[in-house]
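The lines below spell out each chain.
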Amino acid sequence: MSHSIKVCSYLLLPLIYLLVNVKIVSLGESFPVTIVTFLPVLLLLYVERINLKKLMIALGVGAALTLFNYVFGKSLDTSKYVTSTMLFVYIVIIIGMVWSIRFKTVSPHNYRKILRFFYAVVALVVMLAAMEMAQIILTGGSSLMEVISKYLIYSNSYVLNFIKFGGKRTTALYFEPAFFALALISIWLSIKQFGIKTPKTDAMILAGIVLSGSFSGVMTFILFYLLEWAFQYLNKEAIRKKLPLAIISLAVFIVGVVFAFPYIATRVGDLGTEGSSSYYRIIGPLVMVGYSLTNIDGVVRFGSLYEYVASFGIFNGADVGKTIDNGLYLLIIYFSWFAVILTGWYLFKVGKMMVSAFGNNQNFRVQLYLFTPISLFFTGSIFSPEYAFLIVCPFILRKALNIVKT
């Protein structure tokens, strides 16, 4: 009986990927409720034991950062402070729980059931994206995307406008293309925790990322695959035994990159084009980041971001942008040098992990830990429970499957 309870609870995880952007109800204008709003409660389903010391450390760091932001942050809109602060505290609780919980172990005979559910989720969202793309190519618009948009936490009207002007991007069951790509990479990492090769699913996920048109998604997937190739083949023993296989797999990869090169070159070129999404996400906000790191009044208090960003007059398409679409920049604007120091420390730990991974990258361990800092470049809504779920789900499975001790 206990096994059936476990499998029922862990089968929730792939299902949540389908529902993560589906709005249940809205509390005010800016707080949509989804299934992952209840993530701390859902996590209690999986608790075997909780390490209170770890939880207290996580909550302590969160409290210290909140206090720093309140004391040194410039307030431009007090009305949104409480909501914004609560979201940050919520994310700290979720990360703290995942770090400090010992999860119930999934019994090996249930692996296949969970994997099948993940495969079904991938097939569904990628097929949906393919249908949207077919409709865009044939009709120049997507009524399918419009219908789905009505049920999501945010309208994807900007994507629909982009399509009207000849753009080709899909969102499947998500509110924007970058979040769609992020969800696919998160699912991919979740599947990789089972320690098996899944070439068909890998190909489907890559197809979905390409359909999303997310440059960050395509580049992340290329990076993760290159890393896996390096860890697998760049050691003495593997080079001796598997040289032909290494050369063939690298050749296939290079052919793929050659085909994708025009797209990659265009998107890299966009970095210098004011008004493009790449420029707005990476180059434009650098002036704010620099100001936050060099001026005492450069830190912004929670809830005041829109006014602060608008004051810099950086264009996002035809309008002046009011959002930061880059999580790392957002952290620096809220926490200044603390964000830089914590990110640097985390990347140093991942770097050490990378060095020891040659010949033995267990269950894509390096990619899993790299996913967190890389995901910051996909979106600015890093204080949302929806984003938090995509980050923590592969970690939950890593702990619950217990295939590899880390």
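Per an unreviewed UniProt entry, the chain goes by the name Putative colanic acid polymerase and belongs to Kosakonia oryzendophytica.

**Things to note about helix H3 (residues 52-72)**
Here H3 is 21 residues long and its end C-alpha atoms lie 30 Å apart, about the 30 Å a rise of 1.5 Å per residue gives. When H3 is considered as a whole, its buried residues turn out to be Leu 55, Ala 58, Gly 62, Leu 65, Thr 66, Phe 68 and Asn 69. All buried residues of H3 project into a common sector of 160° when viewed along the axis, lining one side. Opposite the packed face of H3, turned more than 90 degrees from it, sit the exposed residues Leu 52, Lys 53, Met 56, Leu 67 and Val 71. Where H3 is buried, its residues contact strand E3 (47-50), helix H4 (81-100), helix H15 (327-335) and helix H16 (337-355). The N-terminus of H3 is capped by Asn 51, whose side-chain oxygen sits 3.1 Å from the backbone nitrogen of Lys 53.

**Digging into the packing of H3 against H4**
H4 packs onto H3 with a crossing angle of 155° between their chain directions and a minimal axis gap of 8 Å. Between H3 and H4, the angle falls in the class roughly antiparallel. Seen from above, H3 lies across H4 with right-handed handedness. Judged by residue contacts, Lys 54, Leu 55, Ile 57, Ala 58, Leu 59, Gly 62, Leu 65, Thr 66, Asn 69 and Tyr 70 of H3 engage Tyr 81, Thr 85, Phe 88, Val 92, Ile 93, Gly 96, Met 97, Trp 99 and Ser 100 from H4. Taken together, the residues of the contact of H3 with H4 sort by class into 12 nonpolar, 6 polar and 1 charged.

**What to know about the packing of aromatic side chains**
The final tally for this structure, using the stated rule, is 28 aromatic pairs. With 5.2 Å between their ring centres and 80° between their planes, Trp 188 and Phe 364 make a pair best called edge-to-face. Pair noted here: Trp 188 is in helix H8 (residues 177-192) and Phe 364 is in the loop between H16 and helix H17 (365-375), with a separation of 176 residues, a long-range link. Side by side, Trp 188 and Phe 364 carry an identical accessibility label, which is buried. Through a chain of ring-to-ring contacts, three or more aromatic side chains come together here, namely Tyr 70, Tyr 81, Phe 88, Phe 302, Tyr 334, Phe 335 and Phe 383. The ring of Tyr 70 has Arg 301 lying over it, and the distance from NZ or CZ to the ring centre is 4.2 Å.

**A few points about the confidence of the model for the chain**
In low-pLDDT segments, the atomic positions of the prediction should not be examined closely. This prediction gives the chain a mean pLDDT of 87; 93% of its residues lie at or above 70. For the stretch residues 1-7, pLDDT sits under 50, and the model shows 8 contacts to residues farther than four places along the chain or on other chains.

**Observations regarding the packing of helix H5 (residues 111-139) against helix H9 (residues 199-212)**
Closest axis-to-axis distance for the H5/H9 pair is 9 Å, and the angle between their directions is 35°. The element H5 and its partner H9 pack so that their crossing is left-handed. Here H5 contributes Tyr 119, Val 122, Ala 123, Val 126, Ala 129, Ala 130 and Met 133 to the contact with H9, which in turn contributes Thr 201, Met 204, Ile 205, Gly 208 and Leu 211. Broken down by class, the residue content of the contact of H5 with H9 amounts to 10 nonpolar, 2 polar and no charged.

**Considering the pattern of salt bridges**
In this structure the tally under the stated criterion is 2 salt bridges. Between Lys 80 and Asp 77 there is a salt bridge whose closest N-O contact spans 3.6 Å. Owing to a relative accessible area of 32%, Lys 80 belongs among the partly exposed residues under this scheme. The shortest N-O distance in the salt bridge between Asp 202 and Lys 192 comes to 3.2 Å. Of this pair, Asp 202 sits in helix H9 while Lys 192 sits in helix H8, and the two are 10 residues apart along the sequence.

Calculation notes
Residues numbered from 1 in each chain as written. Predicted model: local features only at pLDDT ≥ 70, side-chain atom pairs only at ≥ 80, totals over all residues. Heavy atoms only, no water. Helix = DSSP H or I, 4+ residues; strand = E, 2+ residues; numbered from the N terminus. Expected span 1.5 Å × (residues − 1). Buried < 20%, exposed > 50% of the residue type's maximum accessible area, 1.4 Å probe, protein only. Arc of directions from axis to C-beta. Contact = heavy atoms within 4.5 Å. Polar contact = N/O pair within 3.5 Å; in protein donor to acceptor, adjacent residues only side chain to side chain. Axes fitted to C-alpha atoms, helices over the stretch in contact; angles between N-to-C directions. Parallel < 35°, antiparallel > 145°, perpendicular 65-115°, else oblique. Left-handed = near helix turned anticlockwise from the far one by under 90°. Nonpolar A, V, L, I, M, F, W, Y, C, P; charged D, E, K, R; others polar. Phe/Tyr/Trp six-rings, centres within 6.5 Å; stacked < 30°, edge-to-face > 60°. Lys NZ or Arg CZ within 6 Å of the ring centre and 35° of its normal. pLDDT = per-residue confidence, 0-100. Salt bridge = Lys/Arg side-chain N within 4 Å of Asp/Glu carboxyl O.

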